[in-house]
Amino acid sequence: MTPQEYVQQKAARSGSSFYYAFLFLPPPRRAAITAFYAFCREVDDVVDEVHDPGVAATKLEWWRREVDAAFAGRPTHPVMQALQPIAAGFDIRAEHLQAVIAGCRMDLEQSRYLDFPALAHYCHLVAGVVGEVAANIFGRSSDATIAYAHKLGLAMQLTNIIRDVGDDARRGRIYLPVSELKQFDVKAQEIISRSYSERFAALMRFQAERAQRCYDEALALLPEADRQPQKPGLMMANIYRTLLREIEADGFQVLHQRTSLTPIRKLWIAMCTHWRGR
């Protein structure tokens, strides 16, 4: 299997909303975003699939060294063999990849966030930086598009957090800020034990409203000149916003289930965004 085949399979197997947006890119940009996304999946899988924190930390350290070696011209992993030769052409830098690894390392080192600024820093590493790299790959003419990409990354990561509250709690992590749990009088144990209440619903409405504001703020930041090249990001935004609205309409039943959209619905949203351009 070639490195290019490896990253293609890694991206396709994920079933992610991102994959559907990639389909509309020209081949060189599609190859770059697929390789970068495969890298993100590799390091994220270390945290999600390796149950021993010590082993996971060792694996992330291996990836940190692999990134340095790859950008020195010595990639050994197929993901880096696919990504390194094309990285410079899309302004993908080692510090971008190291930031993603640092965000994954945070998942090994802490399972709570005291307030929203602390959570936002985590989101910057695992989503904002990813958004910046994606925006560079899609193509941009303005630095304002980087600000848009970071804000959109935050909105999408907040959507992930809302969707995955129950799953994350079963893994020992609660991303909802401690200060906001206290504000709505929701105990961590209620989330872990899947106990719904009006207090929990109010907390989740607060989270969803903030995520929706972030989507609106992101779209307002995107320059008109870059809307066409940034269509893949807009596709992902529309898919994620649709998911968030589904969760809202279902009354935030996120403690015992993981809401998702069908592949055909994701593809349809992507196609509609492609046709209407926003």
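Please refer to the structure higher up on the page.
Residues numbered from 1 in each chain as written. Predicted model: local features only at pLDDT ≥ 70, side-chain atom pairs only at ≥ 80, totals over all residues. Heavy atoms only, no water.

Draft legend 1. Examining the state of the cysteines more closely. Applying the stated criterion to the full structure yields zero disulfides. C104 takes part in no disulfide bond, and the closest cysteine sulfur to it belongs to C40, at a distance of 8.0 Å. Here C214 stays free of any disulfide, with the sulfur of C123 as its closest cysteine sulfur at 9.0 Å. (Disulfide = S-S within 2.5 Å.)

Draft legend 2. Region of the structure containing the packing of helix α4 (residues 53–71) against helix α6 (residues 94–109). Running from N to C, α4 and α6 point in directions that differ by 175°, and their axes come no closer than 10 Å. In terms of orientation, α4 and α6 fall into the roughly antiparallel class. Along its contact with α4, which presents P53, A56, A57, L60, W63, R64, V67, D68 and F71, the element α6 presents A94, L97, Q98, I101, C104, R105 and L108. Here the contact of α4 with α6 is built from residues that sort into twelve nonpolar, one polar and three charged. (Axes fitted to C-alpha atoms, helices over the stretch in contact; angles between N-to-C directions. Helix = DSSP H or I, 4+ residues; strand = E, 2+ residues; numbered from the N terminus. Parallel < 35°, antiparallel > 145°, perpendicular 65-115°, else oblique. Contact = heavy atoms within 4.5 Å. Nonpolar A, V, L, I, M, F, W, Y, C, P; charged D, E, K, R; others polar.)

Draft legend 3. Structural context of the packing of helix α7 (residues 116–138) against helix α8 (residues 144–163). In contact at an axis separation of 7 Å, α7 and α8 are set at 125° when each is read in the N-to-C sense. Considering their axes alone, α7 and α8 lie oblique with respect to each other. The handedness of the crossing between α7 and α8 is right-handed. By residue class, the composition of the contact of α7 with α8 is 13 nonpolar, eight polar and one charged. (Left-handed = near helix turned anticlockwise from the far one by under 90°.)

Draft legend 4. Geometry of the packing of aromatic side chains. Counted by the stated rule, this structure contains nine aromatic pairs. Here the aromatic rings of F22 and Y37 are separated by 5.7 Å at their centres, their planes lie at 70°, and the arrangement is edge-to-face. Of this pair, F22 sits in helix α2 (residues 17–22) while Y37 sits in helix α3 (residues 27–49), placing them 15 residues apart in sequence. According to the relative accessible area criterion, F22 is buried, its value standing at 2%. Ring geometry for Y122 and Y175: centres 5.4 Å apart, planes at 25°, overall stacked. (Phe/Tyr/Trp six-rings, centres within 6.5 Å; stacked < 30°, edge-to-face > 60°. Buried < 20%, exposed > 50% of the residue type's maximum accessible area, 1.4 Å probe, protein only.)

Draft legend 5. Seen up close, the side chain of R173. Positionally, R173 belongs in the loop between α9 (165–170) and α10 (178–183). Apart from the residues within four sequence positions on either side, R173 is in contact with V47, D48, D107, S111, R112 and D168.

Draft legend 6. Layout of helix α14 (residues 263–276). Over its 14 residues, α14 runs 20 Å from end to end, which matches the ideal 20 Å to within 8%, given 1.5 Å per residue. Taken together, the buried positions of α14 are K266, I269, A270, C272 and T273. Seen end-on, α14 carries its buried residues on one side only, within an arc spanning 160°. For α14, exposure combined with an orientation more than 90 degrees from the buried face picks out P263, I264 and W275. (Expected span 1.5 Å × (residues − 1). Arc of directions from axis to C-beta.)

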